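Listed here are the chains, written in short residue letters.
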Amino acid sequence: QAQVVPAEDLGTSRQGDIVKADAVLQASSLLPEAERNGVLIKATLDWILRNPGLYARRVSTRLVKFWRLWPYQRRYDHGYRTLVIVSLLSDGWIVPFGLGAAFLFLRRKFRQAPAVWIAVLATTSFYSLIHTVIRYRMPLMPVVVVLAAGLLFSTKEQKAKTYCCCCCWSCPPLPPTTPCL
């Protein structure tokens, strides 16, 4: 369904209309699960080959959606404004700081922590290619929280030291009398 239903229609009554109108989805719904999966995978690959530009746009949209800071407006048990505020108070700072830390620190120390990069890139790529819901990033969030905390604490620590350049936190601190290069 993720290839047939546009992102803005997911979770709406329009999604049901689109699914009912799709001949492959309707025909495959009657098959046993293993056969249904085979039919849907083949149909998906055929669709991607017929619509490469649309597929690329949908993958880009899913990439952004994967790291979105608050959920889309749907019918929730709680008010949507409350949901957005709670999301911003949690993921609103954790995700940007965690991804910022990943960019700043892990690119310099890739050899020390390749599993972190691989996990973040593989999970993000995988769900961007097929289907994305914010909750699918939950397995990555412990790593993102640790990275965010590391960025906050290292930034505070870095302010107390002098380095040879403003963008290189991996350099050793300079003695107070040594001029910056």
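Before reading further, recall that the structure is shown in the block above.
A quick note: this is a predicted structure, and the numbers were derived from the prediction, not measured.

Taking 1.5 Å of rise per residue, 17 residues should cover 24 Å, and helix α6 (residues 114–130) covers 24 Å from first to last C-alpha, within 8% of that figure. Restricting attention to buried positions, one finds in α6 the residues Trp-117, Val-120, Thr-124 and Ser-128. Mapping the buried residues of α6 onto a view down its axis gives an arc of 75°, with all of them on the same face. Opposite the buried face of α6, at more than 90 degrees from it, the exposed residues are Ala-115 and Ile-118.

Our focus in this paragraph is the pattern of salt bridges. Within the structure shown, the criterion is met by two salt bridges. With a closest N to O distance of 3.1 Å, Lys-42 and Asp-46 form a salt bridge. With Lys-42 and Asp-46 both in helix α3 (residues 33–50) and four residues apart, this pair spans about one turn of that helix. With relative accessibility at 54%, the residue Lys-42 sits in the exposed group. By relative accessible area, Asp-46 is classed as partly exposed at 30%. Its salt-bridge partner being Arg-137, residue Asp-91 comes within 2.6 Å of it at the nearest N-O pair. With a gap of 46 residues between them, Asp-91 in helix α5 (residues 80–106) and Arg-137 in the loop between α6 and α7 (141–159) connect regions that are remote in the sequence. Assessed through its relative accessible area of 0%, Arg-137 is described here as buried.

So, how was this worked out
- Residues numbered from 1 in each chain as written.
- Predicted model: local features only at pLDDT ≥ 70, side-chain atom pairs only at ≥ 80, totals over all residues.
- Heavy atoms only, no water.
- Helix = DSSP H or I, 4+ residues; strand = E, 2+ residues; numbered from the N terminus.
- Expected span 1.5 Å × (residues − 1).
- Buried < 20%, exposed > 50% of the residue type's maximum accessible area, 1.4 Å probe, protein only.
- Arc of directions from axis to C-beta.
- Salt bridge = Lys/Arg side-chain N within 4 Å of Asp/Glu carboxyl O.

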